[in-house]
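If you want the building blocks of each chain, they are given just below.
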Amino acid sequence: MTEQWMPPIYRDGDVVAILDQRLLPHREVFLRCTTLKQVVNAIKTMAIRGAPAIGVAGAMALALGAKTILAAETQTFRRKFVRMCEQVRSARPTANNLAWAVERVYSVVVENPQGTVAELRKLIQEKADELLREDVATNLKIGSWGSRVIPHGARVLTYCNAGALATADYGTALGVIRAAFASDPTIQVFSCETRPFLQGARLTSYELMRAGIPVTLITDNAAGSLMQHKRIDIVVVGADRIAANGDTANKIGTYMLAVLAKTHDIPFYVAAPRSTIDPSLPDGSEIPIEQRDPREVTHFQGKPVAPKGVDALNPAFDVTPNKYITGIITEVGILAKPYGKAIRKALEE
Ligand code: MRU
């Protein structure tokens, strides 16, 4: 990171500062949130996005919310806090990390049934701070494991933004790239622009340029041709939810890349923390897929790019079946097939 880099989310006393990613790459503006509602709104409107980042934001939202609950008794506090947890959990449906973080924060209340309201508020804040610190440490480990699979001088294709901006810092897929670049400055990255929200164009290329990592932006449509002409050596992407068998939900379009990679015999890796794994889902068929406003497809920066009134679909994620995935890079190692067994073991560690 360059010296001026500020992580995309941090706490400043009673304020949760969130880098407004909707304005990137042109403007770096931090939203200074003081209420749960403001943070939930930042998640819903994609001011902050990326599975681990919204998990951390959700935890911070709960810490802010806990401070506003008017209750003298623990029972009343707990009842109101449960409602807040639901509000935060439902802000975005696909990323497992959000529900996971809410559960982790709520566990503080469950584990301290005798705690006073003041004690619980303090413990909730401490847990949110811990989740933020833990996420960075986790990403550094993912980077360290993942850098081992990046060949010398590799041309790495990535999708969406699974970088520092999508986490508390450092990133998952981009963390792998950062770690590899630290020992091999000859690697190069190809970033797909990632229609319709353009996380690749706006965020990944911005983030990699700031880190001094060579990046070439391509249209999503160009990926197949580059693979066909042997210009890509490896694909590394992030994940929003991984089912118990390794099926992986990530940004819409990831599945197409995985199929293409298989066709061209190119390794396809998913980099994600264990908090992205949802062991309650046997496979990817039940992963809830967020449907976003069709205006993101029919319009660009407020201007229509399609005929008025045309029907449009805007699923935000797709599911890549496990057979297309070469390995899942986590903080406890690189999981290999059969993923069911490897995932169970990773979650026990
Ligand atoms: O809709 P977004 O921008 O939140 O989608 C983000 C992604 O799909 C990322 O690849 C995923 O969350 C992993 S981020 C480390």
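For every chain, the first residue of its written sequence is number 1, and the numbers climb from 1 along that sequence. With the structure being a predicted model, the display of local features is reserved for residues of pLDDT at least 70 and the display and counting of side-chain atom pairs for 80 or more, all residues being used for whole-chain, interface and lining totals. Only hydrogens and water are set aside; all other atoms, that is, all heavy atoms of the structure, feed into the side-chain values.

**Some words on the sheet that holds strand E16 (residues 333-335)**
- Paired strands, as defined in this entry, are two strands with at least two bridges between them according to DSSP. Helix and strand definitions here come from DSSP, where helices need a minimum of 4 consecutive H or I residues and strands a minimum of 2 consecutive E residues; each element is numbered from the N-terminal end. Overall, mixed pairing links the seven strands, which are arranged E6-E5-E4-E7-E10-E15-E16 in an open sheet. A strand with exactly one partner marks an edge of an open sheet, and here the two such strands are strand E6 (215-218) and E16. When the angles between neighbouring strand axes are averaged without regard to direction, this sheet yields 25 degrees.
- Across four bridges, the pairing between strand E4 (residues 155-158) and strand E5 (residues 188-192) is parallel. Counterpart to Arg155 in the pairing with E5 is Gln188.
- Throughout, a residue-residue contact means that at least one pair of heavy atoms, one from each residue, lies within 4.5 Å. Interaxial angle, 0 to 180 degrees, is taken between N-to-C directions of lines fitted to C-alpha atoms, where a helix line uses only the stretch in contact. Together, E4, E5 and E6 form the strand contacts of helix H7 (residues 199-211), whose direction differs from that of E5 by roughly 160 degrees.
- Helix H9 (residues 254-263) contacts E4, E5, strand E7 (234-237) and strand E10 (268-271) of the sheet and is inclined by roughly 145 degrees relative to E10.

**A closer look at the site of the ligand**
- The environment of the ligand is made up of 19 residues, and the closest members are Arg92, Gln199, Asp240, Asn250 and Lys251.
- Between Arg49 and the ligand, the recorded distance is 2.8 Å, taken from a side-chain N or O atom to an oxygen atom.
- Polar contact is defined as a pair of N or O atoms within 3.5 Å, subject to the rule that within protein one atom must be able to donate a hydrogen and the other to accept it, and that residues adjacent in sequence are counted only when both atoms are side-chain atoms. Measuring from an oxygen atom of the ligand, one finds a side-chain N or O atom of Asp240 at 2.8 Å.
- Counting only elements with at least two residues in the shell around the ligand, the list comes to helix H2 (51-68) and strand E9 (248-251). Proximity is defined per residue: if any heavy atom of the residue lies within 4 Å of a molecule or strand, that residue is considered near it.

**Some thoughts on the nonpolar core**
- Val39, Leu62, Phe77, Phe81 and Ile124 are the most contacted members of the largest nonpolar core, which has 46 residues in total.
- Elements that contribute at least two residues to this core include exactly strand E2 (15-19), helix H1 (36-44), H2, helix H3 (74-89), helix H4 (96-111) and helix H5 (117-146).
- Broken down by element, this core gets its largest block of residues, 12 residues, from H2.
- With sequence-adjacent residues up to four places away left out, Val39 is seen in contact with Val16, Ile18, Cys33, Ala57, Ala61 and Leu64.
- We define a nonpolar core as any set of buried Ala, Val, Leu, Ile, Met, Phe, Trp, Tyr and Cys residues linked to one another through side-chain atoms lying within 4.5 Å. Categorising residues by exposure relies on relative accessible area from a 1.4 Å probe, with only protein chains included: less than 20% of the type maximum marks a residue as buried, more than 50% marks it as exposed, and the intermediate range marks it as partly exposed. Counting 30 residues, the second-largest nonpolar core is a separate cluster that includes Leu157, Leu226, Ile232 and Ile277.

**Re the packing of aromatic side chains**
- Each Phe, Tyr or Trp ring (for Trp, its six-membered ring) is paired with any other whose centre lies within 6.5 Å, and the angle between the two planes then decides the class: stacked below 30 degrees, edge-to-face above 60, tilted in between. Tallied over the full model, the rule gives three aromatic pairs.
- On the numbers, 5.6 Å between centres and 65 degrees between planes, the contact of Tyr10 with Phe30 is edge-to-face. Of the two residues, Tyr10 is situated in strand E1 (residues 9-12) and Phe30 in strand E3 (residues 30-33); the sequence distance between them amounts to 20 residues.
- Classification of Tyr10 as partly exposed rests on a relative accessible area of 21%.
- Phe30 gets classed as partly exposed once you look at its relative accessible area, which sits at 25%.
- Considering the side-chain rings of Phe77 and Phe81, the 5.8 Å spacing of their centres and the 10 degrees angle between planes classify their relative orientation as stacked. Here the residue Phe77 and the residue Phe81 both occupy positions in helix H3, the gap between them amounting to four residues, near one helical turn. As far as the burial class goes, Phe77 and Phe81 line up, both buried.
- The residue whose ring lies beneath Lys251 is Phe317, and the NZ or CZ to ring-centre distance is 4.2 Å. A positively charged side chain is recorded as over a ring if its NZ (Lys) or CZ (Arg) lies within 6 Å of the ring centre. The angle to the ring normal must also be within 35 degrees.

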